[in-house]
Amino acid sequence: MSNRIITISREFGSGGRTIGKEAAAKLGIPCYDAELLEKIAKESGFAKDYIAEHSEYAAGGSWISRAFSGRDYQGHSYQDDLWSIQHKIIRELAEKESCVIVGRCADYILRDKADCLRVFIHADLESRAKRIVEQYGERSDSPKKRLKDKDKRRAAYYQFYTDMKWGDVHNYHISLDSGELGIDKCVDIISRLY
């Protein structure tokens, strides 16, 4: 019997990380999010903060500056190294045990795995802005700008490494609006589908 995997892709501030952790706890399986950063840091030698910023987000600026940011004359970058290590670790985790994996293009990396539930969590801008101020301690003066920037950088990273559009319904089995449904209902739906 193969391992059963849930991948959680999410808009910034939608609660996807929380939903992933709570679904994993309810199902009695591990959730890899911060733990994934630890594994990547150990294998790559890069600092966790560097990995957190560069293993899921493209550099800021225009798409041209993102495409060439930090690349050597052969077109290679440290972000490419992180992608390779991240890809390898996610595949190994899926082979090792049933689990929930949050973010880091796991839906794409495990797209050919037969027993993998690919989930996308989203919410309206107002709900997400409120959440990042209340839950993450963000400043309340410009949370919407921060949300848009994070999502834009996440989408650019996803497209660069997967050649697919981040958030496109065709890439996921299910898309849940955590602003409408709430965290608990999303956890319940994912757990039941699993």
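For the structure itself, look to the data block above.
Everything numeric here is computed off the predicted structure, so don't read it as measured data.

Chemist: I tried to follow the overall build of the protein on my own but got confused; where do I start?
Modeler: Secondary structure summary: the protein contains 10 helices and five strands in total. Residue burial in the protein is summarised as follows: out of 194 residues, 48% are buried. Put simply, 74% of the contacts in the protein that link residues at least 6 apart link residues at least 24 apart. Surface exposure of the protein reaches about 10,000 Å², of which carbon and sulfur atoms provide 50%.

Chemist: Just to check I follow, could you spell out the environment of Glu 53 for this structure?
Modeler: In this fold, Glu 53 is placed in helix H3 (residues 48-54). By relative accessible area, Glu 53 is classed as partly exposed at 28%. When the C-alpha atoms of Glu 53 and Gln 79 are compared, they prove to be 10.0 Å apart, with 26 residues separating the residues in sequence. Leaving out residues up to four positions away in the same chain, Glu 53 has contacts with Lys 150 and Arg 153.

Chemist: Any chance you could explain the pattern of salt bridges here in plain terms?
Modeler: Oppositely charged side chains may form a pair once their charged atoms are brought near each other. Enumeration over the complete set of coordinates arrives at 14 salt bridges. Here Glu 11 and Arg 128 are joined by a salt bridge, their closest N and O atoms 3.4 Å apart. Of this pair, Glu 11 sits in the loop between strand E1 (5-10) and helix H1 (16-27) while Arg 128 sits in helix H7 (residues 125-134), and the two are 117 residues apart along the sequence. Comparing Glu 11 with Arg 128 shows no difference in burial state: the two are buried. As a salt-bridge pair, Glu 43 and Lys 88 come within 2.6 Å of each other at their nearest N and O atoms. Of this pair, Glu 43 sits in helix H2 (residues 34-44) while Lys 88 sits in helix H5 (residues 78-96), and the two are 45 residues apart along the sequence. A network of salt bridges, in which partner residues are shared, links Glu 11, Arg 128 and Asp 151.

Chemist: Sorry if this is basic, but what is going on with the nonpolar core here?
Modeler: For soluble globular proteins, the rule of thumb is that nonpolar side chains tend to be buried together. Core analysis: the largest hydrophobic core is formed by 28 residues, its most contacted members being Leu 36, Ile 101 and Leu 110. With seven residues, the top contributor of residues to this core is H5. Ile 6, Ile 19, Ala 23 and Ile 29 belong to the second-largest nonpolar core, a separate cluster that totals 19 residues.

Chemist: Honestly, the pairing of strand E5 (residues 174-177) in this entry has me stumped. Any pointers?
Modeler: Every regular strand shows the same layout, with side chains that alternate between the two sheet faces. Here E5 shows one buried face, formed by Ile 174 and Leu 176, and one open face, formed by Ser 175 and Asp 177. Two strands pair when backbone bridges link them, and strand E4 (residues 116-122) and E5 are joined in this way by four bridges, in the parallel orientation. Note on E5: the bridge partner recorded for Val 119 is Ile 174.

Chemist: What is the right way to read the sheet that holds strand E3 (residues 99-102) from this model?
Modeler: Paired through backbone hydrogen bonds, the strands of a sheet run either parallel or antiparallel to each other. As summarised here, the arrangement of the five strands in space is E2-E3-E1-E4-E5, forming an open sheet in which the pairing is parallel. The open sheet has two free edges, formed respectively by strand E2 (31-32) and E5, since each of these has just one partner strand. Contacts from helix H10 (residues 183-193) reach E1, E4 and E5, with the element oriented near 160° to E5.

Chemist: Mind showing me how you'd approach the side chain of Ser 178 here?
Modeler: For Ser 178, the location among the structural elements is in helix H9 (residues 178-181). Since its relative accessible area comes to 8%, Ser 178 is described here as buried. A distance of 2.5 Å separates a polar atom in the side chain of Ser 178 from the backbone oxygen of Ser 14. Apart from the residues within four sequence positions on either side, Ser 178 is in contact with Ser 14, Ile 19, Ile 121, His 122, Ala 123, Ile 183 and Cys 186.

Chemist: Can you help me understand the side chain of Ser 98 in this one?
Modeler: Turning to its location among the elements, Ser 98 is positioned in the loop between H5 and E3. On the basis of relative accessibility, which here comes to 19%, the residue Ser 98 falls in the buried class. Polar side-chain contacts of Ser 98 include one of 2.9 Å to the backbone nitrogen of Arg 4. For Ser 98, the contacting residues outside a window of four places in its chain are Asn 3, Arg 4, Ile 5, Ile 29, Pro 30 and Tyr 194.

Calculation notes
- Residues numbered from 1 in each chain as written.
- Predicted model: local features only at pLDDT ≥ 70, side-chain atom pairs only at ≥ 80, totals over all residues.
- Heavy atoms only, no water.
- Helix = DSSP H or I, 4+ residues; strand = E, 2+ residues; numbered from the N terminus.
- Buried < 20%, exposed > 50% of the residue type's maximum accessible area, 1.4 Å probe, protein only.
- Contact = heavy atoms within 4.5 Å.
- Areas by Shrake-Rupley, 256 points an atom, 1.4 Å probe, with all protein chains shown as cover.
- Salt bridge = Lys/Arg side-chain N within 4 Å of Asp/Glu carboxyl O.
- Core = buried A, V, L, I, M, F, W, Y, C linked by side-chain atoms within 4.5 Å.
- Pairing = 2+ DSSP bridges.
- Axes fitted to C-alpha atoms, helices over the stretch in contact; angles between N-to-C directions.
- Polar contact = N/O pair within 3.5 Å; in protein donor to acceptor, adjacent residues only side chain to side chain.

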